Amino acid sequence: MIGNTATATATEMQNNFGRYLSIVQNGGEVIITKNGKEVGRFIPRAAVVSYLTDSLTGILKGDMDMDQAREERLREKYEITD
(Lines give C-alpha, C1' and ligand atoms only; values in the text may rest on other atoms or scores of the structure.)
Protein backbone atom coordinates (compact mmCIF):
# COMPACT_ATOMS: atom_id res chain seq x y z
CA MET A 1 0.00 0.00 0.00
CA ILE A 2 1.33 3.43 -1.00
CA GLY A 3 0.07 6.23 1.26
CA ASN A 4 -3.69 5.81 1.35
CA THR A 5 -3.74 3.65 -1.77
CA ALA A 6 -3.83 -0.14 -1.90
CA THR A 7 -3.74 -2.43 -4.93
CA ALA A 8 -5.66 -5.69 -5.03
CA THR A 9 -6.43 -8.28 -7.65
CA ALA A 10 -10.09 -8.96 -8.34
CA THR A 11 -9.77 -12.27 -6.48
CA GLU A 12 -8.13 -10.62 -3.44
CA MET A 13 -10.89 -7.99 -3.43
CA GLN A 14 -13.55 -10.67 -3.49
CA ASN A 15 -11.92 -12.78 -0.77
CA ASN A 16 -10.98 -9.87 1.52
CA PHE A 17 -13.74 -7.34 0.86
CA GLY A 18 -14.00 -6.32 4.52
CA ARG A 19 -10.33 -5.37 4.64
CA TYR A 20 -10.59 -3.19 1.53
CA LEU A 21 -13.88 -1.68 2.67
CA SER A 22 -12.12 -0.61 5.86
CA ILE A 23 -9.38 1.11 3.84
CA VAL A 24 -11.98 3.07 1.88
CA GLN A 25 -13.97 3.93 5.01
CA ASN A 26 -10.78 5.46 6.41
CA GLY A 27 -10.36 7.70 3.35
CA GLY A 28 -8.12 5.42 1.30
CA GLU A 29 -8.42 4.13 -2.22
CA VAL A 30 -8.16 0.60 -3.62
CA ILE A 31 -7.00 -0.02 -7.19
CA ILE A 32 -8.46 -3.27 -8.51
CA THR A 33 -6.54 -5.23 -11.13
CA LYS A 34 -7.31 -8.22 -13.29
CA ASN A 35 -4.63 -9.99 -15.29
CA GLY A 36 -2.19 -7.25 -14.29
CA LYS A 37 -4.30 -4.36 -15.65
CA GLU A 38 -6.25 -1.79 -13.68
CA VAL A 39 -9.99 -2.38 -14.08
CA GLY A 40 -11.41 -0.08 -11.44
CA ARG A 41 -11.02 1.89 -8.25
CA PHE A 42 -12.85 1.64 -4.96
CA ILE A 43 -12.90 5.15 -3.46
CA PRO A 44 -14.79 7.01 -0.71
CA ARG A 45 -18.10 8.59 -1.68
CA ALA A 46 -16.86 12.07 -0.80
CA ALA A 47 -14.02 11.71 -3.30
CA VAL A 48 -16.46 10.74 -6.05
CA VAL A 49 -18.70 13.73 -5.39
CA SER A 50 -15.67 16.04 -5.29
CA TYR A 51 -14.26 14.63 -8.54
CA LEU A 52 -17.58 14.96 -10.38
CA THR A 53 -18.16 18.48 -9.08
CA ASP A 54 -14.66 19.59 -10.09
CA SER A 55 -14.96 18.04 -13.56
CA LEU A 56 -18.32 19.71 -14.25
CA THR A 57 -17.51 23.15 -12.83
CA GLY A 58 -16.79 24.76 -16.20
CA ILE A 59 -19.90 23.30 -17.76
CA LEU A 60 -22.16 24.24 -14.89
CA LYS A 61 -20.95 27.84 -14.85
CA GLY A 62 -21.62 28.08 -18.57
CA ASP A 63 -18.13 29.43 -19.25
CA MET A 64 -17.07 26.53 -21.45
CA ASP A 65 -17.24 26.60 -25.24
CA MET A 66 -18.14 23.01 -26.14
CA ASP A 67 -16.83 23.32 -29.72
CA GLN A 68 -13.51 24.65 -28.49
CA ALA A 69 -13.26 21.93 -25.82
CA ARG A 70 -14.02 19.22 -28.41
CA GLU A 71 -11.36 20.63 -30.76
CA GLU A 72 -8.78 20.74 -27.96
CA ARG A 73 -9.51 17.12 -26.98
CA LEU A 74 -9.19 15.97 -30.59
CA ARG A 75 -5.90 17.85 -30.96
CA GLU A 76 -4.55 16.20 -27.81
CA LYS A 77 -5.80 12.76 -28.80
CA TYR A 78 -4.35 12.86 -32.30
CA GLU A 79 -1.38 15.08 -31.41
CA ILE A 80 -2.26 17.70 -34.01
CA THR A 81 0.02 20.73 -34.01
CA ASP A 82 -0.47 23.98 -35.90
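Residues numbered from 1 in each chain as written. Predicted model: local features only at pLDDT ≥ 70, side-chain atom pairs only at ≥ 80, totals over all residues. Heavy atoms only, no water.

(A) Fine view of the sheet that holds strand S2 (residues 29–34). Taken in spatial order, the three strands line up as S1-S2-S3 in an open sheet, and their pairing is mixed. The sheet is open, and its two borders are formed by strand S1 (5–9) and strand S3 (37–42), each paired with just one other strand. With direction set aside, neighbouring strand axes in the sheet form an average angle of 30 degrees. Bridge count for S2 against S3 is five bridges, and the pairing is antiparallel. For Val 30, the partnering residue across the bridge sits in S3 and is Phe 42. (Pairing = 2+ DSSP bridges. Helix = DSSP H or I, 4+ residues; strand = E, 2+ residues; numbered from the N terminus. Axes fitted to C-alpha atoms, helices over the stretch in contact; angles between N-to-C directions.)

(B) A look at the nonpolar core. In terms of nonpolar packing, the biggest core is built from eight residues, these being Ala 6, Ala 8, Met 13, Tyr 20, Ile 23, Val 24, Val 30 and Ile 32. Contributions of two or more residues to this core are made by S1, helix H2 (17–25) and S2. (Core = buried A, V, L, I, M, F, W, Y, C linked by side-chain atoms within 4.5 Å. Buried < 20%, exposed > 50% of the residue type's maximum accessible area, 1.4 Å probe, protein only.)

(C) Geometry of the pattern of salt bridges. Counted according to the given criterion, the structure contains two salt bridges. A salt bridge links Glu 38 to Arg 41; the shortest N-O distance between them is 2.7 Å. Taken together, the shared-partner salt bridges in this structure form one network comprising Glu 29, Glu 38 and Arg 41. (Salt bridge = Lys/Arg side-chain N within 4 Å of Asp/Glu carboxyl O.)

(D) Here's a closer look at the packing of aromatic side chains. The tally for this structure, following the rule as stated, stands at one aromatic pair. For the pair Phe 17 and Phe 42, a centre-to-centre distance of 5.7 Å together with 35 degrees between the ring planes defines the contact as tilted. Taken together, the residues Phe 17 in helix H2 and Phe 42 in strand S3 connect sequence positions 25 residues apart. Owing to a relative accessible area of 41%, Phe 17 belongs among the partly exposed residues under this scheme. (Phe/Tyr/Trp six-rings, centres within 6.5 Å; stacked < 30°, edge-to-face > 60°.)

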